[in-house]
Amino acid sequence: MRLSYRGAEYDYDPTSVEMTNSGLTGQYRGQSFGVSYPRHVPVPQPVHTLLYRGAVCRTDVRGQLQAALNSRSAVEPPARSTVSGLPLALQIQRLQKDEVTEVHRQNIRRRLEQRIQAAKMRGDELLLQDLEREFNLFA
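About the thresholds
- Throughout this description, residue numbers start from 1 for each chain and increase along the sequence as written.
- Only residues with pLDDT of 70 or above have their local features reported here, since the model is predicted, and side-chain atom pairs are shown and tallied only from 80 upward, although totals for entire chains, interfaces and linings are computed over all residues.
- Hydrogens are left out, water is left out, and the side-chain values use all remaining heavy atoms of the structure.
- Each helix is a run of DSSP H or I of at least 4 residues and each strand a run of E of at least 2, with the numbering of both proceeding from the N terminus.
- Burial classes: relative accessible area under 20% of the type maximum marks a residue as buried, over 50% as exposed, and values in between as partly exposed (1.4 Å probe, protein chains only).
- When checking whether two residues touch, look at their non-hydrogen atoms; a contact exists if any pair is within 4.5 Å.
- The method behind every accessible area is Shrake-Rupley, applied with a 1.4 Å probe, and residues are considered shielded solely by the protein chains displayed.
- Every patch collects residues that have over 30% relative accessible area and no salt bridge, joining them within 9 Å if they carry like charges and within 5 Å if they are nonpolar side chains (Val, Leu, Ile, Met, Phe, Trp, Tyr).
- Here a salt bridge means any side-chain nitrogen of Lys or Arg lying within 4 Å of a carboxyl oxygen belonging to Asp or Glu.
- The pairing criterion for strands is at least two bridges between them, as found by DSSP.
- The predictor's confidence in any single residue is recorded as pLDDT, a number from 0 to 100.
- Side-chain atoms within 4.5 Å link the members of a nonpolar core, which is a set of buried Ala, Val, Leu, Ile, Met, Phe, Trp, Tyr and Cys residues.

Topic: the overall build of the protein chain
In terms of regular secondary structure, the protein chain is built from 2 helices and 8 strands. Scanning the protein chain from its N terminus toward the C terminus, one meets helices and strands in the order β-β-β-β-β-β-β-β-α-α. Within the protein chain, buried positions represent 8% of all 139 residues. Of the contacts formed within the protein chain by residues at least 6 apart in sequence, a portion of 8% connects residues at least 24 apart. For the protein chain, the computed accessible surface area is about 12,400 Å², with 53% contributed by carbon and sulfur atoms.

Things to note about a nonpolar patch on the surface
A cluster of nonpolar side chains, contributed by Met-1, Leu-3, Tyr-5, Tyr-10 and Tyr-12, occupies part of the molecular surface with about 540 Å² of accessible area. Tracing the backbone shows Leu-3 in strand 1 (residues 2–5). Looking at Leu-3, the relative accessible area reads 31%, which means it is partly exposed.

Some points on the pattern of salt bridges
The tally for this structure, following the rule as stated, stands at 4 salt bridges. Put simply, Arg-109 and Glu-102 hold a salt bridge, and the shortest N to O gap is 3.9 Å. On the basis of relative accessibility, which here comes to 22%, the residue Arg-109 falls in the partly exposed class. Residue Glu-102 is classed as partly exposed on the basis of its relative accessible area, which comes to 35%. Residue Arg-133 pairs with Asp-130 through a salt bridge whose shortest N-O separation is 3.2 Å. Within this pair, Arg-133 and its partner Asp-130 are both found in helix 2 (residues 125–137), separated by 3 residues, close to a single helical turn. The network of salt bridges with shared partners includes Arg-2, Glu-9 and Asp-11.

Considering the pairing of strand 2 (residues 8–11)
Both strand 1 and strand 2 contribute to a ladder of 4 bridges, which runs antiparallel. Of the residues in strand 2, the one forming a bridge with Arg-2 is Asp-11. Linkage of strand 1 to strand 2, two consecutive antiparallel strands, is achieved through a turn of 2 residues, within which Arg-6 is found at a positive phi near 50°.

Concerning the confidence of the model for the protein chain
A residue-level look at the protein chain finds 76% of positions with pLDDT of 70 or above and a mean pLDDT of 77. Here strand 7 (residues 82–83) stands out as the least confident element of the protein chain, with mean pLDDT 43; helix 2 is the most confident, with 89. Note on residues 71–75: pLDDT is under 50 here. Beyond four places in sequence and across chains, it has 8 contacts. pLDDT under 50 marks residues 77–83. Its contacts with residues more than four places away, or in other chains, come to 10 contacts.

Topic: the nonpolar core
Counting residues in each nonpolar core, the largest one holds 5 residues, listed as Leu-112, Ile-116, Ala-119, Leu-128 and Leu-131. If you list the elements that add at least two residues to this core, you get helix 1 (88–122) and helix 2. The dominant element in this core, judged by the number of residues it contributes, is helix 1, at 3 residues. For Leu-128, the contacting residues outside a window of four places in its chain are Ile-116, Ala-119 and Lys-120.

So this is what it looks like as structure tokens:
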């Protein structure tokens, strides 16, 4: 089909979608109509060999689990880098948690310092004592 838009001509070839009749019919304002929907093309799923607590199983192209294999020799367990006895992913997670905790403490300290300066400028001794006590908790 040849079309034009703002003087530029182009060929339009719509992709054809295979429709499947659902068997449902309806009526709207006296007109009957049938309900159809596009036929779904199954997408093959990746095949994985999994190891869980020593049991080996496999997924197929439909994403379903196949029967467990009898021996562990059918698949090598995933190699884990361990330092200090923990898997690498767990170590990274703990390091990130520690870093986030430290950044949070620094933000609290910085905000407390700002509040202490403001209390000094106003001359509010009671607030200043409370803020200094709280600041010492994060020191």
